[in-house]
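Residue-level listing of the chains:
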Amino acid sequence: MNADGCIIYANPAAENLFENSSKALVDHSLSELFINSEELELMFEEALARQFADKRQDLTLERIGREPLQVHVVVTTLDNPDMPVLIELRENLQQLKLDREERLLDQSQANKELIRNLAHEIKNPLGGIRGAAQLLELEIPDRHLKELREYTQVIIKEADRLQTLVDRLLAPHRRPHIVGDVNIHEVCERVRSLIVSEFPNGLKIKRDYDLSIPEFRGDKEQLIQAVLNIAHNAAQVLAAQMKTGEAEIVLRTRIARQVTLAKVRYRLALDLHIIDNGPGIPPEIRDRIFYPLVSGRDGGSGLGLTLAQTFVQQHLGVIECESRPGYTDFRILIPLP
């Protein structure tokens, strides 16, 4: 920065952070780049007045038409009249991760409230609709029964379908949490055998296990269902790759150290990845994949990932997702003893 508060140089890392070229950044002031530049400008003025040699601070810098930047700012005073102040902005990945996890937890809580309200609003009238259709069928004269029974059966079958949907939504909240010793590789092997039996041709499932991971207390059946829901989704979107024999799912286990989950710091955590080489999650639903009834696949119920996230959160963990064409990675983090 020069003495007038304008940028005179931006390195390649700054270009990546701002998603702009150096030429587009040079000669602009901080107030032109950020909506809330006051704190950063104050640090610049203090550095210009040589009130400190260097100063550090975490800031959220808002931009017009783009996502805010969570950054760690380092402002340094230089002995150079042409460039008296150096400002370094480093993306605060830890803060981004904490914010993302907090959003997931808030979203999960909102999902639970939505599901309870949805079940309450649907179940009672649904039973009445089904019962009325059955009574109506009994009242139809025999001479008209054959042609009119088709319509009453449509009502009854659709009511049953909606009842099944509501039961699936309520399943994780009804089922008791059965805790025992869990070996995560037994969970992975069970899921692998189920996927291989359903998709025997054209799909490779690779194991990449860290066998030093200890057992932990948890609900084995819930974890099998969570991993199976993710792996089954992956297998279903790999249909095109299966035809050419290039479909691949990787089950990878590692130990993560010094992990923060729901604002609690854990020394060790299970780090389980389910990775596929499919087309990726459509960008328009990428931020909503854990919402109920959101699906990127024709005919999908949109419940698999919602249930998986609920089961993992009951183990004090979280599911994260990174996706692009040719690579989708669902990461399950669960605290270890």
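Scoring rules and cut-offs
- Residues numbered from 1 in each chain as written.
- Predicted model: local features only at pLDDT ≥ 70, side-chain atom pairs only at ≥ 80, totals over all residues.
- Heavy atoms only, no water.
- Helix = DSSP H or I, 4+ residues; strand = E, 2+ residues; numbered from the N terminus.
- Buried < 20%, exposed > 50% of the residue type's maximum accessible area, 1.4 Å probe, protein only.
- Contact = heavy atoms within 4.5 Å.
- Areas by Shrake-Rupley, 256 points an atom, 1.4 Å probe, with all protein chains shown as cover.
- Pairing = 2+ DSSP bridges.
- Axes fitted to C-alpha atoms, helices over the stretch in contact; angles between N-to-C directions.
- Core = buried A, V, L, I, M, F, W, Y, C linked by side-chain atoms within 4.5 Å.
- Expected span 1.5 Å × (residues − 1).
- Phe/Tyr/Trp six-rings, centres within 6.5 Å; stacked < 30°, edge-to-face > 60°.

Undergrad: Go over the overall build of the chain, please, and point to the residues and values.
TA: Across its full length, the chain carries ten helices and ten strands. Classification of the 337 residues of the chain by burial places 42% in the buried group. Long-range pairs, those at least 24 residues apart, make up 64% of the contacts in the chain with a sequence separation of at least 6. Summed over its atoms, the accessible surface of the chain is roughly 19000 Å², and 52% of this surface lies on carbon and sulfur atoms.

Undergrad: Would you mind going over unusual backbone geometry in detail, with residue names and values included?
TA: Note: most peptide bonds trans; most residues except glycine with negative phi. Unusually for a residue other than glycine, D27 sits at a positive phi of about 75°. Examined against the element boundaries, D27 turns out to sit in the loop between α2 (22-25) and α3 (30-33). By relative accessible area, D27 is classed as exposed at 59%. With phi around 50°, Q258 is a residue other than glycine that occupies positive phi space.

Undergrad: An account of the sheet that holds strand β5 (residues 203-208) is needed here, citing residue identities and associated values.
TA: Strand order in the open sheet made by the five strands is β5-β7-β8-β10-β9, with mixed pairing throughout. Edge positions in the sheet fall to β5 and β9 (318-324), since each has one partner strand and no second. Ignoring strand direction, the axes of neighbouring strands in this sheet form an average angle of 20°. As judged from the eight bridges shared by strand β8 (residues 264-276) and strand β10 (residues 327-335), these two strands associate in the antiparallel manner. Each residue of the ladder has a partner; that of H273, found in β10, is R331. Contacting β5, β7 (247-261), β8, β9 and β10, helix α8 (residues 220-237) crosses the sheet at an angle of about 35° to β8. Each of β9 and β10 is contacted by helix α10 (residues 304-313), which is oriented at about 140° to β9, the strand it contacts most.

Undergrad: Give me the nonpolar core: which residues, what numbers.
TA: Grouped burial of nonpolar side chains is what soluble globular proteins tend to show. Counting residues in each nonpolar core, the largest one holds 44 residues, and the members touching the most others are I195, L203, I274 and I332. Examining the composition of this core, we find that nine residues originate from one element, α8, more than from any other. Those residues in contact with L203, other than ones at most four positions away along the chain, are I195, A235, L238, M242, A247, E248 and I249.

Undergrad: Outline α8, listing residues and values.
TA: The terminal C-alpha atoms of α8 lie 26 Å apart, and with 18 residues this matches the ideal 26 Å at 1.5 Å per residue to within 8%. Taken together, the buried positions of α8 are Q222, L223, I224, A226, V227, L228, N229, I230, A231, H232, A234 and A235.

Undergrad: Run through the environment of Q70, naming residues and quoting values.
TA: In this structure, Q70 sits in strand β2 (residues 66-77). Classification of Q70 by relative accessible area gives buried; the value is 16%. For Q70 and N92, which are 22 residues apart along the polypeptide, the C-alpha to C-alpha distance reads 5.4 Å.

Undergrad: Summarise the packing of aromatic side chains; cite the residues concerned and give the values.
TA: Under the criterion given, the structure shown has one aromatic pair. Arranged with centres 5.7 Å apart and planes meeting at 40°, the rings of F18 and F34 form a pair that is tilted. Here F18, found in helix α1 (residues 12-18), pairs with F34, found in the loop between α3 and α4 (38-48); they are 16 residues apart in sequence, far enough to count as distant. Residues F18 and F34 agree in their burial class; the two are buried.

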